[in-house]
Amino acid sequence: MAAAFVIGLATVFKTVAIKRPGREEEEFTAEIRVRDLDEQDALHQKQQSGEAKGFDHVKEDVVSLSGFADKNGKPMEVTDELKEKLLKDPYVLMGCVRAWNQVQQGMPELTAKN
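So, here's what we can say about the structure. (Residues numbered from 1 in each chain as written. Predicted model: local features only at pLDDT ≥ 70, side-chain atom pairs only at ≥ 80, totals over all residues. Heavy atoms only, no water.)

**With respect to the overall build of the chain**
- Looking only at helices and strands, the chain has 4 helices and 5 strands in total.
- Going residue by residue from the N terminus, the α and β elements of the chain occur as β-β-α-α-β-β-β-α-α.
- Evaluated residue by residue, the chain yields a buried proportion of 26% over its 114 residues.
- Contacts in the chain between residues far apart in sequence, at least 24 positions, make up 55% of those at least 6 positions apart.
- Summing over all exposed atoms, the chain offers an accessible surface of approximately 8600 Å²; the carbon and sulfur share of this is 53%. (Helix = DSSP H or I, 4+ residues; strand = E, 2+ residues; numbered from the N terminus. Buried < 20%, exposed > 50% of the residue type's maximum accessible area, 1.4 Å probe, protein only. Contact = heavy atoms within 4.5 Å. Areas by Shrake-Rupley, 256 points an atom, 1.4 Å probe, with all protein chains shown as cover.)

Listed below in structure tokens is the structure:
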């Protein structure tokens, strides 16, 4: 039997897979704030009026990131400062944009089958 639906979750964790040219697929985890439908409508109106531009809303809603390593493979703690830098990387940002869209649409986390 499935667990009961928990009301009031403000954030969810989403696995983000990216594929950079010349590298195998990599993954990290993003904790993303869930906007209710009223907040989503308000954001859409701001985007339509030009008041909200780019991906600032995604950057604001990414609460935390994890699953990163340095060039030697040593796991790194993602501080707020590092998160800001990571979100300037187009692969990380676009991965977060895809994850943000899936979270706001209520799409479930898919698991790979072997």
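There's more to say after this.
**Re the environment of Thr15**
- Within the secondary structure, Thr15 sits in strand β1 (residues 11-18).
- Along the sequence, Thr15 and Gln102 sit 87 residues apart, while their C-alpha atoms lie 11 Å from each other.
- Contacts of Thr15, omitting those with residues within four sequence positions, involve Glu27, Phe28 and Glu109.

**Quick word on the pattern of salt bridges**
- A complete count under the given rule lists 6 salt bridges for this structure.
- Notably, a salt bridge pairs Glu39 with Arg33, separated by 3.1 Å at the nearest N-O pair.
- Given a relative accessible area of 26%, Arg33 falls into the partly exposed group.
- Measuring nitrogen to oxygen at the nearest pair gives 3.0 Å for the salt bridge that ties Arg33 to Asp61. (Salt bridge = Lys/Arg side-chain N within 4 Å of Asp/Glu carboxyl O.)

**Some thoughts on the environment of Lys59**
- Locating Lys59 in the fold gives a position in helix α2 (residues 56-61).
- Between the alpha carbons of Lys59 and Leu93 there is a distance of 8.1 Å; along the sequence they are 34 residues apart.
- If sequence neighbours within four positions are ignored, Lys59 has contacts with Leu87 and Leu93.

**As for the side chain of Lys83**
- Considering the arrangement of structural elements, one finds Lys83 in helix α3 (residues 80-86).
- Contacts of Lys83, omitting those with residues within four sequence positions, involve Val62, Val63, Ser64, Leu65 and Val78.

**Comments concerning the sheet that holds strand β2 (residues 26-33)**
- Taking strand neighbours across the sheet as the criterion, the 3 strands line up as β1-β2-β3 in an open arrangement whose pairing is antiparallel. Of all the strands in the sheet, just β1 and β3 (62-66) have a single pairing partner and so form its edges. Strand after strand, the sheet turns through a mean of 25° between neighbouring axes, direction not considered.
- Of the strand pairs in this sheet, β2 and β3 are connected by 4 bridges, and their pairing is antiparallel. Residue pairing across strands places Ile32 opposite Val62, the latter belonging to β3.
- Each of β1, β2 and β3 is contacted by helix α4 (residues 90-104), which is oriented at about 135° to β1, the strand it contacts most. (Pairing = 2+ DSSP bridges. Axes fitted to C-alpha atoms, helices over the stretch in contact; angles between N-to-C directions.)

**So, the environment of Ala69**
- Mapped onto the elements, Ala69 comes out in strand β4 (residues 68-69).
- For Ala69, a relative accessible area of 43% translates into the label partly exposed.
- In this structure the C-alpha to C-alpha distance between Ala69 and His44, which are 25 residues apart in sequence, comes to 35 Å.
- Look past the residues within four positions of Ala69 in its chain and what remains in contact with it is Lys74, Pro75 and Met76.

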